[in-house]
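# Breakdown of the fold
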Amino acid sequence: MRGLQAAGGAALTGETTAEGPGGDPRRSPRRRRVALLAALAVVVYGLDLATKTAVLRTLEGKDPLVLIPGLLQFRVIFNAGAAFSIGTGMTIVFTIIAASVVVAILRTARKLRSLPWAITLGLMLGGALGNLTDRLFRAPGGFQGHVVDFVEVFPSHFPVFNVADSAIVCGGILAVYLAWRGYQLDGTRDGEHEPEAQDGEGSIDRAESRNDG
């Protein structure tokens, strides 16, 4: 029986499933988190690009499309500033900031093992890439392209924004919350010595924590 457990122990504990084709079970949690980050970033980026393309084709130069009177409408504007039209005279600065955010997230992903942080960084990466694309390729060009905004809630009382802005703001709120609660990128929390068990990978995360330590 002991021999059977030794031979099949990996399957019983789920380590074989987590190990993956690379043969190193300790790398699987990080790879899964990075894959989630990348997938979410692609979804956000694709949705942002698709919605901007659609509203430019249908609403540019036209009256706003009112969806809920007094509450929600679509109106195309070209924003030279940051999210929610902040700092319109500093376009190139925000371009540099967006590019820096993308680089920082890609570097941070090397030590990512936390599911909440994967979601947070995925939202921020997709949003940053969405607006950075506008900065680089839309008029007037030269790293000063204007971002397409079109979502307007409480017209005349709230800045116009887009999908990328929403993702960045949601990611930022999540980042503040996770930092406040002590969640770390490696899956640990402040005051803990072992990563949290997530998706049935607790034994692998613990082994990884011991090796990293």
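Residues numbered from 1 in each chain as written. Predicted model: local features only at pLDDT ≥ 70, side-chain atom pairs only at ≥ 80, totals over all residues. Heavy atoms only, no water.

### Considering the packing of aromatic side chains
With the rule as written, the count across this model stands at three aromatic pairs. On the numbers, 6.0 Å between centres and 55 degrees between planes, the contact of Tyr177 with Trp180 is tilted. With Tyr177 and Trp180 both in helix 6 (residues 163–181) and three residues apart, the pair spans about one turn of that helix. Judged by its relative accessible area of 67%, Trp180 falls in the exposed class. (Phe/Tyr/Trp six-rings, centres within 6.5 Å; stacked < 30°, edge-to-face > 60°. Helix = DSSP H or I, 4+ residues; strand = E, 2+ residues; numbered from the N terminus. Buried < 20%, exposed > 50% of the residue type's maximum accessible area, 1.4 Å probe, protein only.)

### Focus: the packing of helix 3 (residues 28–59) against helix 5 (residues 115–137)
At a minimum axis separation of 7 Å, helix 3 and helix 5 run at an interaxial angle of 35 degrees. Crossing angle aside, the handedness with which helix 3 passes helix 5 is right-handed. Its residues assigned to classes, the contact of helix 3 with helix 5 comprises 13 nonpolar, six polar and four charged. (Axes fitted to C-alpha atoms, helices over the stretch in contact; angles between N-to-C directions. Left-handed = near helix turned anticlockwise from the far one by under 90°. Nonpolar A, V, L, I, M, F, W, Y, C, P; charged D, E, K, R; others polar.)

### Quick notes on the confidence of the model for the protein
For the protein, the average pLDDT comes to 80, and 72% of its residues sit at 70 or higher. Here residues 1–23 is modelled with pLDDT under 50, and outside its nearest four sequence neighbours on either side it reaches 17 contacts, counting other chains as well. Here residues 195–213 is a poorly scored stretch, pLDDT under 50, and it has 37 contacts once near neighbours within four places are set aside; other chains count. (pLDDT = per-residue confidence, 0-100. Contact = heavy atoms within 4.5 Å.)

### Remarks on the nonpolar core
Membership of the largest hydrophobic core comes to 16 residues, with the highest contact counts inside it found for Leu37, Leu112, Trp117, Leu121 and Leu125. The set of elements that each furnish at least two residues to this core consists of helix 3, helix 4 (91–108), helix 5 and helix 6. Examining the composition of this core, we find that six residues originate from one element, helix 5, more than from any other. Here Leu125 is in contact with Leu37, Ala41, Val102, Ile105 and Leu106, once residues within four sequence places are set aside. Core analysis: the next-biggest nonpolar cluster, separate from the first, contains eight residues, Leu56, Leu59, Val148 and Val151 among them. (Core = buried A, V, L, I, M, F, W, Y, C linked by side-chain atoms within 4.5 Å.)

### Points about the pairing of strand 2 (residues 72–79)
Regular strands place their side chains on alternate faces of the sheet. Relative to strand 2, strand 1 (residues 65–68) runs antiparallel, the two being bridged by three bridges. Bridging across to strand 2, Ile68 finds its partner in Leu72. For strand 2 and strand 3 (residues 147–153), the ladder comprises six bridges, and the chain directions are antiparallel. Considered in strand 3, the bridge of Ile77 is made with Asp149. (Pairing = 2+ DSSP bridges.)

### As for helix 3
Residues lying three or four places apart along an α-helix face the same way, a consequence of the helix completing one turn every 3.6 residues. A rise of 1.5 Å per residue sets the reference length of helix 3, with its 32 residues, at 46 Å; its end C-alpha atoms lie 46 Å apart and thus fit the reference within 8%. Among all positions in helix 3, only Ser28, Pro29, Arg33, Leu37, Ala41, Val44, Asp48, Lys52, Val55, Leu56 and Leu59 are buried. Positive backbone phi, approximately 75 degrees, marks Gly61, located one or two places after helix 3. (Expected span 1.5 Å × (residues − 1).)

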